[in-house]
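Chain residues, written in single-letter form:
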Amino acid sequence: MCRRQKTLVYWIGFALVFGTIGLSLAASNDPYTILAVHKRATTQEIRRAYKQLAKEWHPDKSNHPDAETKFVEMKQAYELLSDTNRRLAYDQYGITNEDAVLERNRPDNSNFGRFQDAFEHFNGAHNFNFHDQDIGLYHRLSITSKYYETNIVPKSRVTPHILMFYADWCFACMKAANSFKKLIDTLEPYGVVFATVNAGHEEQLVRKVGVHSLPCVIMVLDGHNYVYKDSVFNAQHVVDFIRQKLPYKLLTPVTDSTLDTFLGGWADNRVRALILEPRAQPRLRYLIIAYYFRERVAFGFVQLNINDTSNIQAKFKAHASLDTLLLFNEFPSQPIASVTMTDIPTATLNNIISHNKFLIFPRLSSQDMLDSVCPAEWNRPRKRLCVVLVTENTSSHDGARTIMRKIALESGFSRERVRYAYIYQEKQNDFIGALSKHNQPKETLLQIVIFWRRDTKQIRYEWVQEVVLPVDKALENDTEEQYFNYTKQKMDTAIHRLLRSSEALSYETEVKALLDEHAEHAVMRMVKRVLLALEYMVDNLGQEHILPAISVIGTIAFILGIGYFMSYLLHLEEEDIQQKKSKHVDDSGGKPVGYVPELRLHELRAEKYNGLVRLLKPGCRTIVLLTDMQSRSKLIPSFHKAVWPYRKNKTLMFAHMLIEKGIGWYAELLRLSLSESREMEINPRNCIGTVIALNGHRKYFCMYHAKHPESNRGAKRMMKITRHLSSMPSDPEAGAFLGMDSSDSETSTSDIYEPKILLEENLLDGLPNWLDRLFEGSTHRYFVNYWPDFPSK
């Protein structure tokens, strides 16, 4: 027995020793101990502690021998605690190695009977406890693309909608289910509407709204989609996100100096509401209420307990530590409704504002306003009458509107049966014109009409006769009282009569929808769309999108720059051509002549002979002018002018040849074209001005010369016709009509068309006509068996 006790004591001591060593080792490896932070420390506190210790133990700044080891431990501890998943695994299981976390998460399937325990163990390690994840919430709130288009988008113009995009086998979506449920419980009482979308079933909607990953939260506001990109998914971050996307200044800041201006602005046809809070920023619930009623109510925000709002707090006796809502109409001296609570519920706010969202005497400024003030009720047994004053947007009608506003305020009829309003005739001319039929007063201005809307288009109406309202802006008290009593008496009599079930209104007509007087201008809509597009780009474009966009923009800018540079060069070339035109001046008159671009004229030499003659392609020809050194300067300009119209013909080439160099070739060419072989003796001076059209492929040429018989064919033919007409007895004056008579036609023809002396500058006068015949194919062709060689010297 004693021996057993000694053994037990020995093992207890052994266990205590090793337990103490293990505890000391664990304490030495504890990341919280290393960084000297509490286990409930936030990420910011851990980061702050790490930076402080890093400055102290960095090897470059500390001379301690263990500084490097200490710094490595601090770095490993910080990496562990800054990672949410690794920190959670350490807190629950003491795991510090990330690979060990994965190894521990791997279920043991060797024994099938223990599979359930391993699966539970896997869930616990990954924080995916499916018993706690209300995944069915996604399915209960799931919507389709059609529902999104027909309900979510229209209703988002008055209420923010939060959409959660998920997938059935998305573990991150399952993990976010509880957070999403808590978000619904927090924000749904404020008026935010929640829904979910199965990304696997609604792929088109996923692409449309710009979902980047799952799970993804989208806010739909005023028909636009905003992606929530914060990595932290909790209520406070979502609240900040909603605040950021709501329209700017839904609640106008109001102080003692701006109170009267704010309350007196009801001319915009909206009720005034003041939110008084003991904090610098209004609650989200008030922002959402202001967004919902922004078309009917203008909201102002008053921060309590500051010097700038002390008079407001004293005037309305607002509690310093409670929230207060005050509503005002056209008479801002006293609020028409008020409520004061620590936290005013959204339902209470909605109820109070809904019952007081119209002025006492509102303006029918849109179809929505008409439907709200004077709704169509064909299926109700009792009529609801609308008493409308027709005015214009001018200060001279303020007196009439004041009298009618006072009548509406003191009216003894229930607002469910009789409503008072006014309308601008110049802005709603079609509506007033439809009520002016059936022999009613021609002048409807400052007249009162009572109507009952049977449906959205059909109206039964009747004008109140013998009621004349003043045109003056301001009236004396006695005069205003007289108008008020008389008008109220006439109107009350007519309303009492028309409210009877047996009494019907006199006339019926069909009206069009009212124009929206508050609609934004086209320019403002365009600016708003640009701002929304910029906001969308800032929210949705990351670095992976910005770089390609910059590349595309840079490419377009480069192309535009190159185009501009090319157009600039073209402009410089045009200016250079204009300058050349101005430099070419006529020698005789000193007047500038048009600049003529150069026509490429080749010189027929031995080295160019094959290219210009022998190697010509089928259908191509070379037209050659024969000159000498003395006549070259006079004949080439005339030749250039004659062939200029054919410069764009790609089958033609133009050349000139000095007769001194090619006289042997020209003589051989003429000899080959003759039917008999004989020696040719040619005077070079007589060859000047000759033009030869060479067809290198078919081996023939055509010739022009001022003395050549073919060049005078047209003139001789005209002389022959003249002689024939003048010899006819029926018309002896026919020759005179052509400029010559029959008696001396031979002499005149010989004198005019065949002069004995021909000057060099007149040698090519007939070339244009000969070129026309050449291209018509009516010139004579001289064929050769081969092209003679051109002399090299």
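All figures in this text were calculated on a predicted structure; none of them were measured in a lab.

Draft legend 1. Highlighting the overall build of the protein. Regarding its fold elements, the protein presents 30 helices and 20 strands. Burial analysis of the protein (793 residues in total) assigns 39% to the buried set. Here the contacts in the protein between residues at least 6 apart in sequence split such that 71% fall between residues at least 24 apart.

Draft legend 2. Quick peek at the sheet that holds strand E19 (residues 700-704). Read from one edge of the open sheet, six strands run E15-E17-E16-E18-E19-E20, paired in mixed fashion. The open sheet has two edge strands, strand E15 (601-603) and strand E20 (782-783), and neither has a second partner. Inspection of the sheet shows E19 paired to E20 by two bridges, in the antiparallel sense. Bridge assignment links Tyr 700 to a residue of E20, and that residue is Phe 783. Of the strands in this sheet, E15, strand E16 (621-627), strand E17 (652-658) and strand E18 (691-695) touch helix H24 (residues 606-614), which is tilted by about 130° from E15.

Draft legend 3. Seen up close, the nonpolar core. Leu 187, Ile 242, Leu 251, Phe 299 and Leu 325 are the most contacted members of the largest nonpolar core, which has 51 residues in total. A total of seven residues in this core trace back to one element, the largest contributor, which is helix H15 (residues 284-292). Among all residues touching Leu 325, those that are not within four sequence positions of it are Ala 273, Leu 274, Ile 275, Ala 337, Ser 338, Val 339, Ile 344, Leu 349, Ile 352 and Ile 353. Formed by 30 residues, the second largest nonpolar core is a distinct cluster that contains Ile 360, Ala 400, Met 404 and Ile 448.

Draft legend 4. Structural view of the sheet that holds strand E8 (residues 323-328). The five strands lie next to each other as E5-E7-E6-E8-E9, forming an open sheet whose pairing is mixed. The open sheet terminates on both sides in strands that have one partner only, identified here as strand E5 (251-253) and strand E9 (337-341). When strand polarity is set aside, the average angle formed by the axes of neighbouring strands in this sheet is 20°. Sheet analysis places strand E6 (residues 271-277) next to E8, joined by five bridges and oriented antiparallel.

Draft legend 5. View of the packing of H15 against helix H17 (residues 346-354). Closest axis-to-axis distance for the H15/H17 pair is 10 Å, and the angle between their directions is 30°. The orientation of H15 with respect to H17, classified from their angle, is roughly parallel. The way H15 lies across H17 gives a crossing that is right-handed. In this structure, H15 contributes Arg 285, Tyr 286, Ile 289 and Tyr 292 to the contact, and H17 contributes Thr 346, Leu 349, Asn 350 and Ile 353. Each residue belonging to the contact of H15 with H17 can be placed in one class, and the counts come to five nonpolar, two polar and one charged.

Draft legend 6. Focus on a nonpolar patch on the surface. A contiguous nonpolar surface patch, about 950 Å² in accessible area, is contributed by Phe 558, Ile 559, Ile 562, Tyr 564, Phe 565, Met 566, Tyr 568, Leu 569 and Leu 572. Residue position: Leu 569 is located in helix H23 (residues 543-583). Using a relative accessible area of 37% as the deciding quantity, one classes Leu 569 as partly exposed.

Draft legend 7. Just the pattern of salt bridges, in detail. By the definition in use, this model includes 29 salt bridges. Glu 277 is the partner of Arg 283 in a salt bridge, and the nearest nitrogen-oxygen pair spans 3.7 Å. A single salt-bridge network, built from bridges that share partners, covers Glu 277, Arg 279, Arg 283, Asp 323 and Asp 343.

Draft legend 8. Highlighting the environment of Lys 650. With respect to the helices and strands, Lys 650 occurs in the loop between helix H25 (632-643) and E17. Judged by relative accessible area, which is 81%, Lys 650 ranks as exposed. Remark: the alpha-carbon pair of Lys 650 and Arg 621, spanning 29 residues in sequence, is separated by 9.8 Å.

Calculation notes
Residues numbered from 1 in each chain as written. Predicted model: local features only at pLDDT ≥ 70, side-chain atom pairs only at ≥ 80, totals over all residues. Heavy atoms only, no water. Helix = DSSP H or I, 4+ residues; strand = E, 2+ residues; numbered from the N terminus. Buried < 20%, exposed > 50% of the residue type's maximum accessible area, 1.4 Å probe, protein only. Contact = heavy atoms within 4.5 Å. Pairing = 2+ DSSP bridges. Axes fitted to C-alpha atoms, helices over the stretch in contact; angles between N-to-C directions. Core = buried A, V, L, I, M, F, W, Y, C linked by side-chain atoms within 4.5 Å. Parallel < 35°, antiparallel > 145°, perpendicular 65-115°, else oblique. Left-handed = near helix turned anticlockwise from the far one by under 90°. Nonpolar A, V, L, I, M, F, W, Y, C, P; charged D, E, K, R; others polar. Patch = residues over 30% accessible without salt bridge, like charges linked within 9 Å, V, L, I, M, F, W, Y side chains within 5 Å. Areas by Shrake-Rupley, 256 points an atom, 1.4 Å probe, with all protein chains shown as cover. Salt bridge = Lys/Arg side-chain N within 4 Å of Asp/Glu carboxyl O.

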